[in-house]
2 protein chains.
Amino acid sequence: MAENENVARPDGFSGVVTMNDVAAAAGLSRTTVSKYFNGSATLKPDTREKIERACRALNYVPDLHAVSLVTGRSNLVGVVLPFIAEPFFGKVLQLMEREAAALGLQIVIQASNNDTRREAAALMALRAMKVHGIILTPIESDDNRALLASLQKEMRIVFLDSFMDENCHFVMNDNQQSIGLMVNYLLSRNVRPAYLGTPRIANPSRPERLAGYVAAMKAAGETPEVIPVAVDTPTWQFEAFAYEQLLNWCGQGGLRDSGAGGIMCTTDRMAFGAAKALRKFGRHPGKDMLLAGHDNLDICEYMDPQLTTVHQDIERISHAAMHFIQLDPAELGGRFYQQRFPGRLVIRESA
Amino acid sequence: MAENENVARPDGFSGVVTMNDVAAAAGLSRTTVSKYFNGSATLKPDTREKIERACRALNYVPDLHAVSLVTGRSNLVGVVLPFIAEPFFGKVLQLMEREAAALGLQIVIQASNNDTRREAAALMALRAMKVHGIILTPIESDDNRALLASLQKEMRIVFLDSFMDENCHFVMNDNQQSIGLMVNYLLSRNVRPAYLGTPRIANPSRPERLAGYVAAMKAAGETPEVIPVAVDTPTWQFEAFAYEQLLNWCGQGGLRDSGAGGIMCTTDRMAFGAAKALRKFGRHPGKDMLLAGHDNLDICEYMDPQLTTVHQDIERISHAAMHFIQLDPAELGGRFYQQRFPGRLVIRESA
DNA sequence: CTGAAAGCGCTTACAG
DNA sequence: CTGAAAGCGCTTACAG
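Please read all numbers here as calculations on a predicted model, not as lab measurements.

Thoughts on the interface of chain B and chain A
Line of reasoning, step 1. Contacts between chain B and chain A engage 60 residues on the former and 61 residues on the latter.
Line of reasoning, step 2. Buried surface at the junction of chain B and chain A, both sides included, amounts to about 5700 Å², of which 56% is carbon and sulfur.
Line of reasoning, step 3. Across the pair E97 of chain A and R118 of chain B runs a salt bridge whose closest N-O atoms are separated by 3.1 Å.
Line of reasoning, step 4. On inspection of chain B and its partner chain A, the count reaches 24 residue pairs in polar contact (both at pLDDT 80 or more).
Line of reasoning, step 5. With seven residues, the top contributor of residues to the side of chain B that touches chain A is helix 5 (residues 87-103) of chain B.
Line of reasoning, step 6. Residue composition of the side of chain B that touches chain A, grouped by class: 29 nonpolar, 13 polar and 18 charged.
Line of reasoning, step 7. As paired strands, strand 2 (residues 106-111) of chain A and strand 2 (residues 106-111) of chain B are joined by three bridges and run antiparallel to one another. Each bridged residue has a counterpart across the sheet, and for V108 of chain A the counterpart in strand 2 of chain B is V108 of chain B.

Next comes the structure, spelled out in structure tokens:
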């Protein structure tokens, strides 16, 4: 019951105001002050006011750790991404932070950096923090499958832009649809597009998009042509990867031999690298051939030529992820929350 | 002392394993188990092993909220940024997350989104979480100056890529030096560069860089020429902003009247927008005029022409920020931790 | 409408 | 080298 308000702490910072201090200042019990913070409707207006005055005077804020300890749940949401500096994730993070702030939730961010052990460590750390839920874009690997399966039973986990298998919650782009959209658009321009894919490390969208390309081509009666890439190179430097892979291909006469009139890339960043490689070979996307990306990063509009791409509905994807985090598991009734949002064609100059 | 290990919680998830469970399983007291987790050297090897076995068997992780409550400090580091999707911040965040993970610290991220009230709310929320420290890039505004000054007394706060005044801790690029580097390089190529600046909202680096340009020009005996921009437009869409502002200027004959042979932009993103505007006026950066950016974003290499720029030493900036967060305030002896890191010229095609 | 008491899961002197 | 006890700042039945 010591008045520690002005006691210097060992680290030299000033002490902390507790609910007891507020109660004392307001002439009430700690219980009543607690009720104030937990939205009890039964407080007299007079009482409310006393508390508010005391809080202001003492600059009081409840200790979130104490609250979490007793309620067994925190206001934290964990976000685990393979790579934070990825522009697509930056956008998603921004949208999620906005929603989280409105809900009084805080985002704890972790990067797995292509390392399944770091991914596992991040997950365990989030568990120790009793996070409200986890939004995860996993690495494309089976290493943590068992861990995730077991964690799913303890806490809310939703996969973003990816999924583990049919037995998980996920929100993502409808890759089959969005890639099909682009393939058909390119075909409608009388061009048979070759496909340039990301390395395996990317995330589980990779195989889906590749499959989407193959399916759309076949459905149109065309022969798919997948440009060979070093699929096992563990990198998130997609521009550099695409540049090198395409340089190889062009150098080996791929451009000429294939007769493809365009290249469709798994992501915009791949397309940026591809454009650079094509320039080296004297090709001009949008003029003597077509080039398309996927994702619609902001920078697309400032490339020369401006990149034609597919917009991922990140607004809805982010919203759905945050929505899931708030869901009472009981509401789901044992079903999995699984949402796919369609993409939208954005035609610019490159195709 | 109830064995709650397998008790279903109200939300349907399975119960939580506590230190008591571990102690019981290991046949030891809770105190001893606690010592194990707090690195006590006095534990018998045999005892350690019993505890480790029990932890593994029960899949136990200490509750971080309980730890924080009793120690009065959390493993959380707050990062408050004006805008998360900014590529520069994405890089910084990635570097900081990596260091944080190695230190067992978690990053809680907040965006102020150009709103000083949201900035204040973020700061207060972080305070309630007893964060280990705060890394802050503030909005360019005086609104939260008093709040920050008072918060500085309670907790570690370091300004990133910015500062409040001389009485604060900060780590940042040496704007005077880095901008001077570019101005002198452009002058060495016999080009008098005009300057294209960001809107005020950006952050406190803005006025510094502008001043750096003016100073370097004057030092070289040249007349500075600052392209007029709508400085009060509250936007982080720098490409679009630069594009529009430069379009205006060119449309009014600025390019011709000024006789400037090049444009130096406050940031790379400004340069991307400027390049697009120049193209509209038939100019080709790198050929019939020079264009330079600042920051060295990854995408610079994939623009056409590749952007000449100044590299900010974000590795050292991020490292210094995290280093400060771990510092015992006593070590500083009342002095402020203030670090400026020099930039490095990166010459590519545009200048 | 308000308050006394127990307890959340842990750490930290202190005693043995 | 190990443990019993008090306490961190809060919430939640429960009583009045």
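Observations concerning the sheet that holds strand 8 (residues 290-292) of chain A
Sheet strands pair by backbone hydrogen bonding; their relative direction is either parallel or antiparallel.
All names here are of chain A.
Line of reasoning, step 1. Across the sheet, three strands lie side by side as 6-7-8; this open sheet has parallel pairing. Taken across any chain shown, the strands that pair with only one partner, and hence form the sheet edges, are strand 6 (193-196) and strand 8. Mean inter-strand twist for the sheet, computed between neighbouring axes without regard to direction, equals 20°.
Line of reasoning, step 2. One ladder, built from four bridges, connects strand 6 with strand 7 (residues 262-265); its direction is parallel. Bridged to A194 within strand 7 is I263.
Line of reasoning, step 3. Set on the sheet, helix 8 (residues 175-188) makes contact with strand 6, strand 7 and strand 8; between it and strand 7 the angle comes to about 170°.
Line of reasoning, step 4. Strand contacts of helix 9 (residues 205-219): strand 6 and strand 7, with the helix running at about 165° to strand 6, the strand carrying the most contacts.

Notes on the nonpolar core
Line of reasoning, step 1. In this structure, I135 and I263 of chain A together with I135 and I263 of chain B are the most contacted members of the largest nonpolar core, which totals 124 residues.
Line of reasoning, step 2. Discounting chain neighbours no more than four positions away, the residues touching I263 of chain A are A194, L196, I227, L246, W249, L278, M289, L290, L291 and A292 of chain A.
Line of reasoning, step 3. Residues A122 and M164 of chain A together with I134 and M172 of chain B belong to the second largest nonpolar core, which totals 38 residues.

Quick notes on the pattern of salt bridges
All names here are of chain A.
Line of reasoning, step 1. As enumerated under the stated definition, the model contains 36 salt bridges over all chains in all.
Line of reasoning, step 2. Across the salt bridge formed by R117 and D115, the nearest N and O atoms sit 3.7 Å from each other.
Line of reasoning, step 3. A residue is classified by how much of its surface remains accessible, and R117, at 66% relative accessible area, is exposed.
Line of reasoning, step 4. Residue D115 is classed as partly exposed on the basis of its relative accessible area of 22%.
Line of reasoning, step 5. Because the salt bridges share partners, they merge into one network encompassing E86, E239 and R269.

Details of the protein's contact with DNA strand C
Line of reasoning, step 1. Surrounding DNA strand C, one finds 26 residues, the nearest of these being T32 and T47 of chain A together with M19, S34 and Y60 of chain B.
Line of reasoning, step 2. Protein-proximal atoms of DNA strand C, defined as those within 4 Å of the protein, fall in sugar or phosphate at a share of 60%.
Line of reasoning, step 3. With respect to DNA strand C, the backbone of K44 of chain A contributes an N or O atom lying 3.3 Å from a phosphate oxygen.
Line of reasoning, step 4. Measuring from a base nitrogen of DNA strand C, one finds a side-chain N or O atom of R30 of chain B at 2.9 Å.
Line of reasoning, step 5. Elements supplying a minimum of two residues to the surface near DNA strand C: helix 2 (30-37) and helix 4 (64-71) of chain A together with helix 2 (30-37) and helix 4 (64-71) of chain B.
Line of reasoning, step 6. Considering only residue class, the surface near DNA strand C consists of eleven nonpolar, ten polar and five charged.

What counts, and where the lines are drawn
- Residues numbered from 1 in each chain as written.
- Chains lettered and ligands numbered in written order.
- Predicted model: local features only at pLDDT ≥ 70, side-chain atom pairs only at ≥ 80, totals over all residues.
- Heavy atoms only, no water.
- Contact = heavy atoms within 4.5 Å.
- Buried area = accessible area lost by both parts, 1.4 Å probe.
- Salt bridge = Lys/Arg side-chain N within 4 Å of Asp/Glu carboxyl O.
- Polar contact = N/O pair within 3.5 Å; in protein donor to acceptor, adjacent residues only side chain to side chain.
- Helix = DSSP H or I, 4+ residues; strand = E, 2+ residues; numbered from the N terminus.
- Nonpolar A, V, L, I, M, F, W, Y, C, P; charged D, E, K, R; others polar.
- Pairing = 2+ DSSP bridges.
- Axes fitted to C-alpha atoms, helices over the stretch in contact; angles between N-to-C directions.
- Core = buried A, V, L, I, M, F, W, Y, C linked by side-chain atoms within 4.5 Å.
- Buried < 20%, exposed > 50% of the residue type's maximum accessible area, 1.4 Å probe, protein only.
- Near = heavy atom within 4 Å.

These figures come from the coordinates and say nothing about function on their own.
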